[in-house]
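# Geometric and topological summary
One letter stands for each residue in the lines below.
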Amino acid sequence: MTLNSEISGRIRDYRPRLPHRQWAPVADQVRATVAATAPATCYEVRRLLYAVGRLAVWADSGGLPRDPGVWLRTETIDAFVLSSCPGLEGSTVQTCRTWLRRTREAAASRRLYRGFDRITTVLDPARCDRRSRLPQEIADAYADAWNVPSGRQAAERLQQLANQLVLAPVRSADSRGLLRGWRGDVGVDATPIPVLARHASERSQTASVEITAGWHFSGGSDEGTFGCSATFAVAAHRRRPGEPAGKPTAYPQMCVGLILDTPTVRTGRNAVLALEELGSLGLPVGTCAADRAYTGYAPENFQIPVRRLGYRLALDYKVNDRGEQGSWQGALLIDGSLACPCTPTTLAHATQGLGDKAVREIRDNQQLTDHIAARGPYFLKTKQGPDARGAIRLHCPAAGPSPSVNCARRDRLRPRTPRTPGPPTAVINFADSRKRAAHPAARPTIQLPADEWLTHPPADELPAVCGKSDITVPADASGDLKTAKFRQDSHYLSDDWIAAYKPIRSHNKGIHGRLKSDELDIGNPKHRPARGQVAQTLLVALMVTVGNLDILEAWLYQRTGTHLTDTDFEHIDPQPPARCRPETGPTAQTGRPPPPPQVSEPEEQHTTTASPGTPGPTVMRSTGPDRTATPPKPLTTDVHHPEHHRTDPGNDEDPARSS
């Protein structure tokens, strides 16, 4: 802050009624300390110079260091007031103490503000005057500086710094073994972060003070919020089908990623950046659930990179995107899952034009529930999970050791080899539910076109999925937009999808509600009055870090009765090395992953004998000479600490408030 000429002259020309030899050594530091408090009137300047000058001379004569930080300590001020003001009235002593304490607070705030200002200056790719509105064309030029290559590099450095702050409690929990119960499931979502500044004015043709802010529209709302969008990645977990909600979690549900950016610009890419930062910790990778907004983005900005990171996708669709969405090598893409080309039309179009309310209340629609369950056998089965490139291998539902449908076309193109010689077993044990379900009579039969029963078309005229042993689906689907965009790893609206998507999404909403509660409330712009995207990013990251610490400590206290201490954060590396994380780079383009390494073990010897009167062969097994396995050691976590205190983050000063 710049002082006016009169106040600056008063500070520069001040001379106390003290010996020159006592005043000269501390004069410059006293003037600088008073100037840093930015007094508003000459009367205030005179009072501050008198109090701080007397304190500085007293401290220097007592042998204390010539440091304003030492002079303005509470114990130094109290000792000065008690020893140097014995003849003054009580009110005068209290007034002197008040002025000195006010100087201390202002000086500390100014030092913190200057440090925060230097950080934001270095990180900001387009520093501009944010004290008043700029003309729209000038503000657009500053905003465009964020989108050029140098600006994007600066923005990525800023986002990496914010993520490192947010991940500090996560690294602490990981180092103590508190994340062992987390299977790597993550929910990503964007939430509005409003700002104090008003939007651009069409009347005056001036831009907003927040040149990179925009309008964030939440799903289902026509009223936007002016500010930034915060992309959160939240540690979550899926429930087993039928498992009740409300079960205590085996890990602290913290925010594991944060990106603050202009709304609707790079939302998908920001989620990928957050997941990449999380991947550097070497934690497990599970299911990533995202709402319809992320499904609508270009697949190269969200779906493809997330698959290549090893995550399984659980997605939702807009009304016009439900039902039959495309095809891949002859297989139909139905609600994100590849299915048999001859899937009945009624089942393939069961969700065509289905509204969002019907999706939320699927349990109340018995016909829809039956259709969802009936089309399950027609979906292609996974032959091999994703490799290092994110590609998977699927095969026909009528193939494999456990087919789910009967298909005459598949039997003609690739005849099934019987497992045992001779005719099939004529006796069926109806008491065994698995044998009943495996019998061909219990499986649906594919209804082929009528002309195919009379004239068998050659294999090259049929869909590729019917004649091949399996098909490979790359992460990018080799440029097929629909497959790359809509494909997911759980059958849409099935019990498995509901058990994965809905709990993870509820964890996202829970984190948003907790961080925007009255205790922290990152959504209140008055808690973040500093202007500019850099300042907003750092302040939101600090507040989310405090929220993560509260979540971690609450979970730790409920589990063990202990609290976090300062020693928990003393030996944590900023970026620990990845723990046995596989390489994510591309491998040789062979079309399928390399075979697993062979492990030499004592071979088991099997002897098959036919027992008379029994329905099948009898297998006798003899093991190697010594196959006694050593039981694994139980995982234990030392969570006992003798100290039960930690530094209260609420005592730290807010750099934005001091400005």
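Here's what I pulled together on the structure shown here. Everything numeric here is computed off the predicted structure, so don't read it as measured data.

Rules and cut-offs
- Residues numbered from 1 in each chain as written.
- Predicted model: local features only at pLDDT ≥ 70, side-chain atom pairs only at ≥ 80, totals over all residues.
- Heavy atoms only, no water.
- Helix = DSSP H or I, 4+ residues; strand = E, 2+ residues; numbered from the N terminus.
- Core = buried A, V, L, I, M, F, W, Y, C linked by side-chain atoms within 4.5 Å.
- Buried < 20%, exposed > 50% of the residue type's maximum accessible area, 1.4 Å probe, protein only.
- Contact = heavy atoms within 4.5 Å.
- Expected span 1.5 Å × (residues − 1).
- Bend = angle between axes of the 7 residues up to and from the residue.
- Pairing = 2+ DSSP bridges.
- Axes fitted to C-alpha atoms, helices over the stretch in contact; angles between N-to-C directions.

## Let's talk about unusual backbone geometry
- With a phi angle near 60°, Thr264 is a residue other than glycine that sits in the positive phi range.
- Position of Thr264 relative to the elements: it lies in the loop between β4 (255-261) and α9 (267-279).
- For Asp335, which is not glycine, the phi torsion reads 50° and is therefore positive.
- Note that Asp335 resides in the loop between β8 (331-334) and β9 (337-339).

## A closer look at the nonpolar core
- Val188, Phe232, Leu275, Leu278, Phe302 and Val544 are the most contacted members of the largest nonpolar core, which has 56 residues in total.
- If one sorts the elements of this core by residue count, helix α21 (residues 533-560) sits on top with nine residues.
- Residues contacting Val544, with those up to four places away along its chain left out, are Val166, Phe232, Cys255, Leu258, Leu515 and Ile522.
- Residues Tyr317, Ile392, Tyr492 and Trp497 belong to the second largest nonpolar core, which totals 31 residues.

## Here we look at helix α8 (residues 149-175)
- Its 27 residues place the ends of α8 36 Å apart at the C-alpha level, agreeing with the 39 Å of an ideal helix rising 1.5 Å per residue.
- A maximum bend of about 40° is found in α8 at Leu167, where proline Pro169 lies one to four positions downstream.
- Positive backbone phi, approximately 80°, marks Gly177, located one or two places after α8.

## Here we look at the sheet that holds β8
- Read across the open sheet, the three strands follow the order β7-β8-β9; overall the sheet is antiparallel. At either end of the open sheet lies a strand with only one pairing partner, and these are β7 (324-328) and β9. Averaged over all pairs of adjacent strands, the angle between strand axes in this sheet comes to 35°, irrespective of strand direction.
- Both β7 and β8 contribute to a ladder of four bridges, which runs antiparallel. From the neighbouring strand, Trp328 faces β8, where its bridge partner is Ala331.

## Looking at the sheet that holds strand β10 (residues 381-384)
- The three strands lie next to each other as β10-β11-β12, forming an open sheet whose pairing is antiparallel. Only two strands of the sheet have a single neighbouring strand rather than two, namely β10 and β12 (471-473). Taking each pair of neighbouring strands and ignoring which way they run, the sheet shows an average axis angle of 45°.
- In the sheet, β10 pairs with strand β11 (residues 392-395) via three bridges, with the strands oriented antiparallel. Bridging from a neighbouring strand, Lys381 pairs with His395 of β11.

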